[in-house]
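# A structural walkthrough
Residues per chain, in single letters:
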Amino acid sequence: MVKVKRICTMQDLSCVGQCSLTVALPILSRYGIETCVLPTAVLSNHTQFRSWSYLDLTGEIPKIFAEWANSGIDFDGYVLGYLGKKELMELAVEMFDRFSTEGAPVVIDPVFADDGKLYSGFDLEYVEQMRKLIARADIIDPNITEASFLTDTPYREDHGKEYAETLAEKLARMTNGVVIVTGVEYDGLIGELIYRRGEKEYVMLPKLDARYHGTGDIFTSVMSAHYFAGAELGYACRQAGAFVAECMKSTDDGHFYGVSFERLLAKGK
Ligand code: PXL
């Protein structure tokens, strides 16, 4: 029998919104990964709605860790998304230190900004703390805005190769992990720059004329699933980008808060 990988994904549980755990859990599971969750908070819906309720679970996490230690639980890897609090980043590091099998990789999507702006509730102190956390990652996949904040580089509307490479080079000095800058755009294409020890690989697809929330979370989930299955990162990003594009094409225009990924997942795409 092949040993199934046990991965822990740490992010919020937004009851409605097709993002974070409601995306990572089904997608990673669909790819045959035993997916454990560390929910950081319960929100009525994600923060791109006009308002939301928020139950902070930070205080529960030390108790969860104590029980995991009691039961000898360990993980073969981690996928981190939206955290939202400095204390949660410290707890993430504690989790890596206490519950990892040997060489368990850490994938960090440093979710905190888009379109040149921080998400609601985030500040520069959070960005500073995230700079420390990404030092622990094996893979980071910030979007262009997050990469510009993390590297303290002025945000530019032009998301082309030159800008993406500047950001990736700076990020590579902040982590030993592979840097994947998402949302790179040129020649009517959109995709990722994978930057690894000075080597650059672009994974691009035609840009669609639509924008939906939560596509970054879907990208990270599919990419991580392929990565944990042993795929090359170029292939993992190609699969993830293609999946996101298909999801966007099969989502109604009026479905403003996320993309319909479920039918594609059910079809085994
Ligand atoms: O998709 C990123 C995300 C995840 N979780 C919550 C969010 C957001 C983006 O706004 O608000 C709660």
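Residues numbered from 1 in each chain as written. Predicted model: local features only at pLDDT ≥ 70, side-chain atom pairs only at ≥ 80, totals over all residues. Heavy atoms only, no water.

### Quick look at the sheet that holds strand β11 (residues 199-206)
Here nine strands make up an open sheet; going across it, the order is β3-β2-β1-β4-β5-β8-β9-β10-β11 and the pairing mixed. Across the chains shown, the open sheet's two edge strands, defined by having one partner strand only, are β3 (54-56) and β11. Against the sheet, helix α2 (residues 61-70) touches β1 (6-16) and β2 (34-45), its axis set at about 165° to β2. (Pairing = 2+ DSSP bridges. Helix = DSSP H or I, 4+ residues; strand = E, 2+ residues; numbered from the N terminus. Contact = heavy atoms within 4.5 Å. Axes fitted to C-alpha atoms, helices over the stretch in contact; angles between N-to-C directions.)

### Points about the state of the cysteines
Every disulfide links exactly two cysteines, by a covalent bond between their sulfur atoms. In this structure the tally under the stated criterion is zero disulfides. Summary of cysteine pairing: Cys36 is not part of a disulfide, and the nearest cysteine sulfur, belonging to Cys8, is at 6.1 Å. Cys36 gets classed as buried once you look at its relative accessible area, which sits at 19%. With no disulfide partner, Cys237 has as its closest neighbouring cysteine sulfur the one in Cys247, 16 Å distant. Overall, the relative accessible area of 0% leaves Cys237 in the buried class. (Disulfide = S-S within 2.5 Å. Buried < 20%, exposed > 50% of the residue type's maximum accessible area, 1.4 Å probe, protein only.)

### Section: the packing of aromatic side chains
If you walk through the whole model with that rule in mind, you get 16 aromatic pairs. Look at Phe65 and Trp68: their rings are 5.8 Å apart centre to centre, the planes differ by 40°, and that puts the pair in the tilted class. One end of the pair is Phe65 and the other is Trp68, both in helix α2 and three residues apart, which spans about a single turn. A relative accessible area of 0% places Phe65 in the buried class. (Phe/Tyr/Trp six-rings, centres within 6.5 Å; stacked < 30°, edge-to-face > 60°.)

### Re the side chain of Thr9
Considering the arrangement of structural elements, one finds Thr9 in strand β1. Taking the relative accessible area as the measure of exposure, Thr9 reaches 0% and is therefore buried. Aside from chain neighbours lying at most four places away, what touches Thr9 is Leu21, Ala24, Leu28, Thr35, Cys36, Val37, Leu38 and Val79.

### Some details on the site of the ligand
Close contacts around the ligand come from 13 residues, with Asp12, Ser20, Thr47, Gln48 and Asp217 the closest. A distance of 2.8 Å separates an oxygen atom of the ligand from a polar atom in the side chain of Gln48. For the ligand, an oxygen atom lies 3.4 Å from a polar atom in the side chain of His213. Computed on the free molecule, the ligand has an accessible area of 320 Å², of which 98% lies beneath the protein chains in the complex. Considered class by class, the residues forming the shell around the ligand number five nonpolar, six polar and two charged. (Near = heavy atom within 4 Å. Polar contact = N/O pair within 3.5 Å; in protein donor to acceptor, adjacent residues only side chain to side chain. Areas by Shrake-Rupley, 256 points an atom, 1.4 Å probe, with all protein chains shown as cover. Nonpolar A, V, L, I, M, F, W, Y, C, P; charged D, E, K, R; others polar.)

### Topic: the packing of α2 against helix α3 (residues 86-99)
Two numbers describe how α2 lies on α3: the axes approach to 11 Å, and their chain directions differ by 5°. Accordingly, the angle class assigned to the pair α2 and α3 is roughly parallel. Seen from α2, the contacting residues are Ile61, Pro62, Phe65, Trp68 and Ala69; seen from α3, they are Leu88, Leu91, Glu94, Met95, Arg98 and Phe99. Per-class residue counts for the contact of α2 with α3 are nine nonpolar, no polar and two charged. (Parallel < 35°, antiparallel > 145°, perpendicular 65-115°, else oblique.)

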